[in-house]
Structure formats: C-alpha cells, structure tokens
Amino acid sequence: MNKPIGRIAGKVAIVTGGASGIGEETAVRFAEEGAAVCVADIDEENGLRVVERISELDGRAEFIKTDVSESFQIKNLIQKTEETFGRLDILHNNAIWFRHGSALDLEEGDWDKTLDSGLKSSYISAKYGIPVMRKNGGGAIVNTASVHSLVSFETCTAYDAAKAGLLGLTRTLAIDFGPDIRVNAVLPGAILTPLWDNLEVPDDERQRYAELVPAKRLGLGRDVANAVLYLASDEASFVTGTSLVVDGGLLCRTD
Ligand code: NAD
C-alpha cells in the first residue's frame, strides 16, 4: 500500500473561520500536507469557495456552516466531522466576531459575543473535541490568539480580553490533557487579510505597519498557516502549552 504523503497525511482537521484570511490559508496548507479538512464558518459562500480551492488541489474538504459563538453549533461541527471523515486529529480554533469600543461605549451584548466566539468557543471545542481525538490516540489543538494577547490597543476592550484569555486557556488545556493532546497558541501580528478591508484600515496605516516591522512587510495568511501547520504536526511533538508569535518582529519594537 502506498504511504500517504504529507506532514499531516491521513489526519482530519477542523479550521474555524476557514472561509477567509488566516483560516482559509491554514485549511489549504493542511490539505496540501495530506489532511482532510472541515472548513467551519458562518460565511457559506466563501466556505464553499475554499472547499472548491482544496478540491482543485486534489485535497479533501467539506464545509460545515458553524457559528462558533453558539456552543451547540460547535458540538454539531465535531459530530459531523466525525461522521464525515471518521476521526478528528487537529482543531484550529481561529474564528472570532468582535466589536471595538471602550468600556463606556461597548454594548454588553457585543462583549458577550466577542468572548463567546473568541474564547468560550475554544473551551467548548476542547470539551467536545478531545474525547473524539482520543479515540485515535490524541491530537493537536491550535488557538489563534494575537499580539493583542500580550500588548493592548485602545478600544479593543473585549477583543484584547478574549485574546489574552486564550493564552491562559491554552496552558490549562495543555496541562490537563497531555501527553496525548497538545495545545498551543499562534499569535499573529499585522497580517493582511480581508479583515483589514472589513475594518477599513487606511492605506497609510497599512504602510506604517509594514515600515515598522523588522520584516519590512505586512504578514500574509500563509505566514501564519505555516506556523499553525508546524504546531499541528508531529514535528512539534515536544511543544505544548506555549505561544508562537508570527509578527515579522512587531513586538520587538517599543515605539
Ligand atoms: P478574516 O476576517 O479574513 O476571517 C475571519 C473568518 O471568521 C471569516 O470567514 C468570518 O466569516 C469568520 N467568522 C467570524 N465570526 C464567526 C463566527 N461567529 N463563527 C464562525 N466563523 C466566524 O480574519 P483573519 O484576519 O483571517 O483573522 C483570523 C483570526 O486571526 C482571528 O482570530 C483574528 O483575531 C486573528 N488575528 C488576525 C490578525 C490580522 O492582522 N489579520 C492579527 C492577529 C490575530
């Protein structure tokens, strides 16, 4: 029998927020390295586009419409993934919905939805995903945190709380579920994705970030996807409970 080819060949992965940006590139990267991928997102049109992109690479993927701010939808995602592909090995918790606002301006409902989609979702996916992963010897969880996990930015009240909280959750999960379940966080810096268009980040602001970082460019979704792939693969078998910053050196700066 031919041995499957790729760094995560034969594995099954879920990527939330897989219809765009970092999640899209991670889903594609996982498929390129031999995994079957469940693309989970609220955006069906782009989710199906990513599945098509993976099919064109001869990869295997399914779209499962999922709002990660709803616990029952995450439970459903994990059940459907197991039904479709027979197992679960890799969970990339990447989606978040958020609104900016100082503590005085932010609506309580927006705080709740940001924390539900960006932090509670990782706890829920661990709760329902780990037992499925353990049926086949364990697996790897990668949470998309942010440089906002380590430094804060004005009016990012709920976002920064969610991203900082993810690091604590990552460590606790790593302690509670090792050695067969590894749990790590990736911390992107300024990564040029459709998010920047949605946030209407002006061109001069983009340019300023590109000039600020030692790498002298904005990051790409694939830069982060490569780091997620490493953490998800057996190459990182001695790496758990930690954070990998992918920011082109942004956090080296103090100005
Ligand atoms: P993006 O906007 O390109 O993609 C985000 C995807 O998440 C979209 O497809 C969207 O539909 C989906 N999504 C939003 N709310 C959802 C929900 N409730 N349930 C399911 N799917 C949902 O954004 P991106 O830049 O690729 O960001 C991905 C992750 O990376 C986020 O966690 C973000 O905080 C983090 N991040 C991004 C940057 C950056 O500069 N782009 C920097 C640091 C961290």
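A closer look at the nonpolar core
Then, number 1: Counting 34 residues, the largest nonpolar core has Ile 14, Leu 88 and Ile 141 as the members making the most contacts within it.
Then, number 2: Elements represented by at least two residues in this core include exactly β1 (12-16), β2 (36-41), α3 (71-85), α4 (108-134), α5 (157-177) and β6 (181-188).
Then, number 3: Counting 29 residues, the second largest nonpolar core, distinct from the first, contains Ile 8, Ile 22, Ile 54 and Ala 227.

Concerning the packing of α4 against α5
Then, number 1: Closest axis-to-axis distance for the α4/α5 pair is 8 Å, and the angle between their directions is 20°. When the axis of α4 is compared with that of α5, the two are roughly parallel. The way α4 lies across α5 gives a crossing that is right-handed. In this structure, α4 contributes Trp 111, Thr 114, Leu 115, Gly 118, Leu 119, Ser 122, Tyr 123, Ala 126, Ile 130 and Arg 134 to the contact, and α5 contributes Thr 157, Ala 158, Tyr 159, Ala 161, Ala 162, Gly 165, Leu 166, Leu 169, Leu 173 and Phe 177.
Then, number 2: Residues belonging to the contact of α4 with α5 are distributed by class as follows: 14 nonpolar, five polar and one charged.

Some points on the layout of surface pockets
Then, number 1: By volume, the largest pocket is sized at about 1500 Å³.
Then, number 2: Together, 47 residues line the largest pocket, and Ile 96, Phe 98, Tyr 159, Leu 195 and Leu 199 are the ones closest to its centre.
Then, number 3: At the level of secondary structure, the elements contributing two or more residues to the lining of the largest pocket comprise α1 (21-32), α4, α5, α6 (194-198) and α7 (203-212).
Then, number 4: Considered as a void within the structure, the second largest pocket measures approximately 210 Å³ in volume.

A look at α5
Then, number 1: Along its 21 residues, α5 runs 30 Å from first to last C-alpha, staying within 8% of the 30 Å computed at 1.5 Å per residue.
Then, number 2: All of the buried residues along α5 are Ala 158, Tyr 159, Asp 160, Ala 162, Lys 163, Leu 166, Leu 167, Leu 169, Thr 170, Leu 173 and Ala 174.
Then, number 3: Buried-residue contacts for α5 involve α4, β5 (139-144), β6 and β7 (243-246).

Some points on the sheet that holds β7
Then, number 1: Overall, parallel pairing links the seven strands, which are arranged β3-β2-β1-β4-β5-β6-β7 in an open sheet. Bordering the open sheet on either side are β3 (60-65) and β7, each of which pairs with just one other strand. Within the sheet, the average angular offset between the axes of one strand and its neighbour, ignoring direction, is 20°.
Then, number 2: As paired strands, β5 and β6 are joined by six bridges and run parallel to one another. Among the inter-strand pairings, Thr 144 is bridged to a residue of β6, identified as Val 186.
Then, number 3: The sheet strands contacting α5 are β5, β6 and β7, and the helix crosses β6 at an angle near 160°.

Points about the pattern of salt bridges
Then, number 1: The final tally for this structure, using the stated rule, is 13 salt bridges.
Then, number 2: Arg 134 serves as the salt-bridge partner of Asp 180, at 2.7 Å between the closest nitrogen and oxygen. With Asp 180 in the loop between α5 and β6 and Arg 134 in helix α4, this residue pair connects regions lying 46 residues apart in the sequence.
Then, number 3: In this structure, a network of salt bridges that share partners links the residues Glu 24, Glu 25, Arg 49 and Arg 53.

Brief notes about the site of the ligand
Then, number 1: The environment of the ligand is formed by 28 residues, the closest being Ser 20, Asp 41, Asn 94, Tyr 159 and Thr 193.
Then, number 2: Within the side chain of Tyr 159, an N or O atom sits 2.5 Å from an oxygen atom of the ligand.
Then, number 3: Trp 196 places a polar side-chain atom, nitrogen or oxygen, 3.0 Å from an oxygen atom of the ligand.
Then, number 4: Within the complex, 92% of the 840 Å² of free accessible area of the ligand lies under protein.
Then, number 5: One can see that the ligand is located within the largest pocket.
Then, number 6: Among the elements of the structure, α1, α5 and α6 are those that each provide at least two residues to the shell around the ligand.
Then, number 7: The element that contributes the greatest number of residues to the shell around the ligand is α6, accounting for three residues.
Then, number 8: In terms of residue class, the shell around the ligand is made up of 15 nonpolar, nine polar and four charged.

Quick look at α3
Then, number 1: The end-to-end C-alpha distance of α3, which contains 15 residues, comes to 21 Å, matching closely the 21 Å that a straight helix rising 1.5 Å per residue would cover.
Then, number 2: Restricting attention to buried positions, one finds in α3 the residues Ile 74, Leu 77, Ile 78, Thr 81 and Phe 85. One side of α3 carries all its buried residues, which in axial view fall inside an arc of 90°. Of the exposed residues in α3, those oriented more than 90 degrees away from the buried face are Phe 72 and Glu 83.
Then, number 3: Along its buried surface, α3 packs onto β1, β2, β3 and α4.
Then, number 4: Two residues or fewer after α3 comes Gly 86, characterised by a positive phi angle close to 85°.

Procedures and definitions
- Residues numbered from 1 in each chain as written.
- Predicted model: local features only at pLDDT ≥ 70, side-chain atom pairs only at ≥ 80, totals over all residues.
- Heavy atoms only, no water.
- Core = buried A, V, L, I, M, F, W, Y, C linked by side-chain atoms within 4.5 Å.
- Buried < 20%, exposed > 50% of the residue type's maximum accessible area, 1.4 Å probe, protein only.
- Helix = DSSP H or I, 4+ residues; strand = E, 2+ residues; numbered from the N terminus.
- Axes fitted to C-alpha atoms, helices over the stretch in contact; angles between N-to-C directions.
- Parallel < 35°, antiparallel > 145°, perpendicular 65-115°, else oblique.
- Left-handed = near helix turned anticlockwise from the far one by under 90°.
- Contact = heavy atoms within 4.5 Å.
- Nonpolar A, V, L, I, M, F, W, Y, C, P; charged D, E, K, R; others polar.
- 1 Å grid on protein atoms, 1.4 Å probe; cavity = no way out; pocket = protein on both sides within 12 Å on 5 of 7 lines; lining within 4 Å.
- Points joined across faces, edges and corners; volume = space filled by probe spheres on them.
- Expected span 1.5 Å × (residues − 1).
- Pairing = 2+ DSSP bridges.
- Salt bridge = Lys/Arg side-chain N within 4 Å of Asp/Glu carboxyl O.
- Near = heavy atom within 4 Å.
- Polar contact = N/O pair within 3.5 Å; in protein donor to acceptor, adjacent residues only side chain to side chain.
- Areas by Shrake-Rupley, 256 points an atom, 1.4 Å probe, with all protein chains shown as cover.
- Sits in = over half its atoms within 2 Å of the grid points.
- Arc of directions from axis to C-beta.

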